[in-house]
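An overview of the molecular structure
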Amino acid sequence: MAEVTKDHWDFIKKIVEDKNLTYYIDTMGCSMNENDSSKYAGILESIGFKREENEEKANLILFNTCCIRENAENTLFGRLGTLKKYKMNNENVYIVVVGCMTQQKHIIEKIKKSYRFVDITLGTGAMNSFPSKLYDLLNEKKKNIEFVEVTNEIEEEVPIKYDSKYKASVSIIYGCNNFCSYCIVPYVRGRERSRRPKDILNDVKELAKEGYKEIMLLGQNVNSYGKNLENPISFTELLRRVEKIEGLKRIRFMTSHPKDLSDELIEYLGESKKVCKQMHLPLQSGSDRLLQKMNRHYTKEGYLELVRKIRKAVPDIALSTDIIVGFPGETEEDFAQTMDVVEKVEYDSAFTFIY
């Protein structure tokens, strides 16, 4: 976390406690965003904020945004518009916008121009500056609406507050290097940065001590974990180390990119006693032509071969996937190839998106 002096920290806590301030978090998007929201909740509760379930009763309203789909942008600005009157009629109400959407300059400019009642914006790599921005806001009524480039910083020792007492998520790798042609994630979350195994294992051990039984290991592409470390290790080796932690009963992970799914990991899934027999393996399309246009780096047959290997190692595994329909230039034949994969794999569930 960014340095906040003890005097500043005490100042924030005194204001929060004296005014009995509450917070509400609205999370849009993926599991990574949900994990980030748990960290924002942890920061706020460590300062003294109490959770409020109704946004129009909360003092601090935080939107953790997603920019994968245009509808998310429309949703954010619609929600901000409905809160304007509530904000203007209450002196002790603060609105914060964080997450992927704030890594786009046009979003920051739109907030500055049309939603000037927003108090703080924070990008995907700026969580550690949240306490200092809160200090500026509560002490001097100073707003912080600015665009900050994505950095390669990895934030450690951030307090976290989970909704569940039994399930928790732990980020293991940030960013993405894949640059799929339809995806903005590498631009708003930066390039891949793996956390050190020691830090991940310490987090999981602490959670196990607190009674958490199930851990979800998170990353845009967990199969790339460890490649950029000073002392590289594989994702499979990380799983082996996590599995040895006492008290932990179940391990899950997401997301796996098919191009990086190793035979080592598939074999380990068949051996593990704690890794759940479930995998999310995005397909996006069954058409080799579209997969190439999407910059996915695998073919239909390569994907099906992975599924055959997975089912051989773990016959009762549950498979889920992502599918895009209507990608530019898609034909009926392209769609038929996608449906052929769906019929052959027999997914347990699928997230489908209209381009």
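Residues numbered from 1 in each chain as written. Predicted model: local features only at pLDDT ≥ 70, side-chain atom pairs only at ≥ 80, totals over all residues. Heavy atoms only, no water.

1. Focus on the state of the cysteines
- With the rule as written, the count across this model stands at zero disulfides.
- In this structure Cys100 is not part of a disulfide, and its nearest cysteine sulfur, from Cys67, lies 4.9 Å away.
- Here Cys276 is not cross-linked by a disulfide; its sulfur's nearest cysteine counterpart is in Cys30, at 20 Å. (Disulfide = S-S within 2.5 Å.)

2. A word on the pairing of strand E6 (residues 167-171)
- Within E6, four of the five residues are buried, which leaves it mostly tucked inside the rest of the structure.
- Bridging between E6 and strand E9 (residues 214-218) involves five bridges; their strand directions are parallel. Paired with Ala168 across the two strands is Ile215, which belongs to E9. (Buried < 20%, exposed > 50% of the residue type's maximum accessible area, 1.4 Å probe, protein only. Helix = DSSP H or I, 4+ residues; strand = E, 2+ residues; numbered from the N terminus. Pairing = 2+ DSSP bridges.)

3. Looking at helix H9 (residues 263-271)
- Within the sequence span of H9, burial applies to Leu265, Ile266, Tyr268 and Leu269. The arc that holds the buried residues of H9, viewed along the axis, is 160°, so those residues lie on one side.
- Taken together, the buried residues of H9 touch helix H8 (235-243), strand E10 (250-254), strand E11 (278-280) and helix H11 (300-313). (Arc of directions from axis to C-beta. Contact = heavy atoms within 4.5 Å.)

4. Quick word on the nonpolar core
- The biggest cluster of nonpolar side chains holds 48 residues, and the ones touching the most others in it are Leu217 and Phe235.
- Leave out the neighbours within four places in its chain, and Leu217 touches Val170, Ile172, Val222, Phe235, Leu239, Val242, Ile251, Arg252, Phe253 and Met254.
- Counting residues in hydrophobic clusters, the runner-up holds 27 residues, among them Ile25, Leu62, Tyr94 and Val96. (Core = buried A, V, L, I, M, F, W, Y, C linked by side-chain atoms within 4.5 Å.)

5. A short note on the sheet that holds strand E5 (residues 120-122)
- Judged by pairing direction, the sheet is parallel, and its five strands sit side by side in the order E2-E1-E3-E4-E5 without closing on themselves. The outermost strands of the open sheet, each flanked by one partner alone, are strand E2 (50-51) and E5.
- Relative to strand E4 (residues 94-99), strand E3 (residues 60-65) runs parallel, the two being bridged by six bridges. What sits directly across from Leu62, in E4, is Val96.
- Its contacts with the sheet place helix H3 (residues 70-88) against strand E1 (22-27), E3 and E4, and it is angled at close to 170° to E3. (Axes fitted to C-alpha atoms, helices over the stretch in contact; angles between N-to-C directions.)

6. Observations regarding the pattern of salt bridges
- Using the criterion set out here, one finds 27 salt bridges in the structure.
- Several salt bridges share partner residues, and in doing so they unite Glu237, Arg240, Arg241 and Glu264 into one network. (Salt bridge = Lys/Arg side-chain N within 4 Å of Asp/Glu carboxyl O.)

7. Looking at the environment of Leu60
- Within the fold, Leu60 resides in strand E3.
- Exposure remark for Leu60: the relative accessible area of 0% places this residue in the buried category.
- Spatially, the C-alpha atoms of Leu60 and Tyr24 are 6.3 Å apart, while their sequence positions differ by 36 residues.
- If near-sequence neighbours (up to four positions away) are discounted, Leu60 is found in contact with Thr22, Tyr23, Tyr24, Leu44, Phe49, Tyr94, Val96 and Leu134.

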